[in-house]
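Chain by chain, the residues run as shown.
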Amino acid sequence: MSANQIYTPADVQRYYDEWTERYLNTSGDIIQGARASSIEELLGYTALSAGFEPGDRILDAGCGVAGPAIFFAQKIPLTIEGLTISGVQKGIAESKIDAAGLSGKVKITQGDYHELDKIYPADYFDRAVFLESLGHAANPPLVLKSAYQVVKDRGHIYIKDFFVKETYDESLSTKIRTIVSNINKHYKYNTLDLGITIHGLRSAGWHIVYIRRPNFVLNADVAEEFAIKHNINILEGVGVKIDHVEWLEIMCQKVR
Ligand SMILES: C[S@@+](CC[C@H](N)C(=O)[O-])C[C@H]1O[C@@H](n2cnc3c(N)ncnc32)[C@H](O)[C@@H]1O
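Summary of the structure given here. Because the structure is a prediction, the values reported are computed rather than measured.

What follows concerns the overall build of the protein. Check the secondary structure of the protein and you find nine helices and seven strands. Taking 18 Å as the expected radius of gyration for a compact globule of 256 residues, we find that the protein reaches 17 Å, a close match to that expectation. Here the C-alpha coordinates of the protein stretch approximately 50 × 40 × 35 Å along the principal axes. Sequence separation of 24 or more characterises 81% of the internal contacts of the protein that already satisfy a separation of 6 or more.

So, about the sheet that holds strand 7 (residues 245-254). If you walk across this open sheet you meet the seven strands as 3-2-1-4-5-7-6, and the pairing is mixed. In the strand order of this sheet, the two ends are held by strand 3 (106-110) and strand 6 (206-212), each with one partner. Going from strand to strand, the sheet's axes swing by 20° on average, the running direction of each strand aside. Both strand 5 (residues 151-164) and strand 7 contribute to a ladder of nine bridges, which runs antiparallel. Note on strand 7: the bridge partner recorded for V164 is V245. The strands touched by helix 4 (residues 87-99) are strand 2 (79-84) and strand 3; relative to strand 3, the strand with the most contacts, the crossing angle is about 165°. Its contacts with the sheet place helix 6 (residues 140-150) against strand 1 (57-61), strand 4 (125-131), strand 5, strand 6 and strand 7, and it is angled at close to 155° to strand 5.

Mapping K152 onto the fold places it in strand 5. In the structure, K152 is positioned 79 residues away from N231 in sequence and 44 Å away in space, judged by C-alpha atoms. Leaving out residues up to four positions away in the same chain, K152 has contacts with D123, F125 and D126.

Time to look at the site of the ligand. Surveying the vicinity of the ligand reveals 23 residues, the closest of which are G62, G64, L131, S133 and H136. Among the elements of the structure, helix 1 (9-27), helix 3 (67-75) and strand 2 are those that each provide at least two residues to the shell around the ligand. Of the residues forming the shell around the ligand, the biggest block, three residues, is contributed by helix 1. Class assignment of the residues belonging to the shell around the ligand gives a composition of eleven nonpolar, ten polar and two charged.

Definitions and limits used
- Residues numbered from 1 in each chain as written.
- Predicted model: local features only at pLDDT ≥ 70, side-chain atom pairs only at ≥ 80, totals over all residues.
- Helix = DSSP H or I, 4+ residues; strand = E, 2+ residues; numbered from the N terminus.
- Rg over C-alpha atoms; globule rule 2.2 N^0.38 Å.
- Contact = placed C-beta atoms within 7 Å.
- Pairing = 2+ DSSP bridges.
- Axes fitted to C-alpha atoms, helices over the stretch in contact; angles between N-to-C directions.
- Near = placed C-beta within 6 Å.
- Nonpolar A, V, L, I, M, F, W, Y, C, P; charged D, E, K, R; others polar.

Rendered as structure tokens:
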């Protein structure tokens, strides 16, 4: 199930160039909707789930303003390359990295994650992470294929995102489609379909290690505050609140 319109990288770039300041005012440096009780808990959990190890070279694909990258580089001796489609985010991220004294450990590039294989050398990263970023992809299978090229053999890809909730109930399915289409329109998202994502991962050559629900109590307070502040009503045309998406984390390994 997918919404009718596909948002392109150019749409997403325009969106973040315009909206990043508003996110920073509500979300701080971490632009994620599904949070734990604190940023420490959320990102500590992410580092464990994604299997970060000292010495790793990490690709943070869709890095925002480098909030997560700075957190990880401060806690673990690793190097991180962050990629964002937004020039505004790149500028803000670089000032934050400088201020944190992490210029040697965290580097930001502006570019499109559909073309990772053109931006980075082959077999370059120990792992690639997509923290609430893959859902913006116009073509997720292409992104997963390009990530496969730039991750080393035995390296990993880790995805945290939300997926369209599946149901066999036709009337529920119509409501879910309406809500997802509202989300996509307001956030320039292309909410992921789990079946297509799994197929894309496998076609690219990734081996699934796990797919699971994040093991922390999901806190959506910041996302709700943001929506209220900016008059975003994802329930428009449906009215009632229903379970419309499913939050998952997916870990895969490159095995040649
Ligand atoms: C919801 S924000 C998440 C930011 C960050 N992961 C965090 O946790 O703060 C989505 C991010 O994905 C990036 N993004 C979306 N489409 C992209 C694309 N085609 N190429 C590179 N980055 C992209 C955006 O620029 C933004 O930084």
